[in-house]
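Here is what each chain is made of, one letter per residue.
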Amino acid sequence: MNQARTTTRLSDSVIRTLGDAIAPRGAGEGRLCIVNYHRILERPDPLLASEPTVETFHWQMELLASCFNVLPLHDALEMLKAERMPPRAVAITFDDGYRSTHDLALPVLQQYQLPATVFVTTGHIDKGSMWNDVILEAARRLPRGELELSDIGFGSYPLHTPQDRQNAVQALTERSKYLPPAGRAQLNHKLETLVGCSLEQELMLTRDMLLALNRAGVEIGGHTITHPILTCVDDATAQAEIAGNKQHLESIIGKPVRLFAYPNGKQGIDFDERHAQMVREAGYSAAFTTAVGPVTRHTGRYTIPRSRPWDNHRMKFAGRLLYWLAGRAA
Ligand SMILES: [Zn+2]
């Protein structure tokens, strides 16, 4: 056996031992950590530095398979309630419904026999790109100089260095995510005019891919129709986004859609109690935020935290998961 493999085996054994040591001993004190991905990339992209490449995703899944107990999300919640949670419990989720969930993540998940859930925005099925990916593509292609968007109320952004382009993507995405779909479409249209062509790519799941994920045992969850920030739309629109998304997904996969993830997911900012109530009334059994922390049987079923360790090093990635599993529950 070569030295690298011996080191990995040793470090895996340390991770498992630590994970068992931090597991709460009392009955009913089980914990779960839910990791949350969006896109998986074929190769590194400086404009998407926080998204893992398939190579990174591969070692992260190998690590989860080797050192943690990866559970189907819906089952894990039932196990918490029934007080029979194993130590080092983790569930894997993907948001938005990117094609990379099917093309790049699924083969790795299958290789390690890992269950997962994907939360899908139905308005993007069979479509090219989400609005934020159009911003990204514009920032990639626009020539050096100043990106002038004052006429549509977005100000201007220097595009001289790679860092400028990253800053522009971040600023424009943050600003536009709180706009209604028409406002995002106006920004995208302006960017496409400036670049001089369509910036749509084939990034989102097709209906057939969604069916293939479902057939492969990936749980399909809801994530609204157009990915609005729910606090930025009126109650009737929010209700239609939540219920219509569920009905559409169920009409495709022919079975109940049980789990929901709030767009952007910050409790009190991106959604509030009204939306949790709407999600419950739509027939969902649980809903997920983007807060950091462990899930316990005391966690509210409609405000369940999820996050992803951002570390690009094996021990740090595992260490952060263990830290979250040991940490204070919300
Ligand atoms: Zn999302």
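Rules behind the numbers
Residues numbered from 1 in each chain as written. Predicted model: local features only at pLDDT ≥ 70, side-chain atom pairs only at ≥ 80, totals over all residues. Helix = DSSP H or I, 4+ residues; strand = E, 2+ residues; numbered from the N terminus. Rg over C-alpha atoms; globule rule 2.2 N^0.38 Å. Buried ≥ 20, exposed ≤ 12 C-beta atoms within 10 Å, placed from the backbone. Contact = placed C-beta atoms within 7 Å. Pairing = 2+ DSSP bridges. Core = buried A, V, L, I, M, F, W, Y, C linked by C-beta atoms within 7 Å. Domains from an automatic or database assignment. Nonpolar A, V, L, I, M, F, W, Y, C, P; charged D, E, K, R; others polar. Arc of directions from axis to C-beta.

With that out of the way, let us pick up the overall build of the chain. Helix and strand counts for the chain come out as eleven helices and nine strands. By the compact-globule yardstick of 20 Å for 330 residues, the chain fits well, its C-alpha radius of gyration being 20 Å. Each of the three principal axes of the chain carries a C-alpha extent, and together these read 60 × 50 × 35 Å. Expressed as a percentage of the 330 residues in the chain, the buried residues total 38%. Sequence separation of 24 or more characterises 72% of the internal contacts of the chain that already satisfy a separation of 6 or more.

Of all six residues in strand β1 (residues 32-37), six are buried, a share of seventy percent or more. Judged from the six bridges that link them, β1 and strand β3 (residues 89-96) form a sheet pairing that is parallel. When the bridges of β3 are listed, Tyr 37 appears paired with Phe 94.

This part is about the nonpolar core. In this structure, Leu 32, Val 90, Ala 91 and Ala 287 are the most contacted members of the largest nonpolar core, which totals 65 residues. Setting aside its immediate chain neighbours within four residues, Leu 32 contacts Ala 76, Leu 80, Met 85, Ala 89, Ala 91, Pro 294 and Val 295. Core analysis: the next-biggest nonpolar cluster, separate from the first, contains 14 residues, Met 130, Leu 136, Val 169 and Leu 191 among them.

Another point: the domain arrangement of the chain. Each assigned domain of the chain is listed with its residue range as follows: domain 1 (3-126 + 203-326) and domain 2 (131-195). The C-alpha-based centres of domain 1 and domain 2 are spaced at 29 Å. Listed as interface residues are nine residues of domain 1 and, on the opposing side, twelve residues of domain 2. Residues belonging to the side of domain 1 that touches domain 2 are distributed by class as follows: seven nonpolar, two polar and no charged.

Residues of helix α3 (residues 73-81) that are buried include every one of Leu 73, Ala 76, Leu 77 and Leu 80, and no others. Buried residues in α3, looked at end-on, bunch into an arc of 100°, giving them a common side. Downstream of α3 by one or two residues, Glu 83 has phi in the positive range, about 60°.

The next thing to look at is the environment of Gln 201. Relative to the elements of secondary structure, Gln 201 occurs in the loop between α7 (181-195) and α8 (207-215). When the 13 C-beta atoms within 10 Å are taken as the criterion, Gln 201 is described as partly exposed. Each C-alpha atom of the pair Gln 201 and Gly 128 lies 4.9 Å from the other, and the pair is 73 residues apart in sequence. If we skip the residues at most four places from it in the chain, Gln 201 touches Gly 128, Ser 129, Asp 133 and Glu 137.

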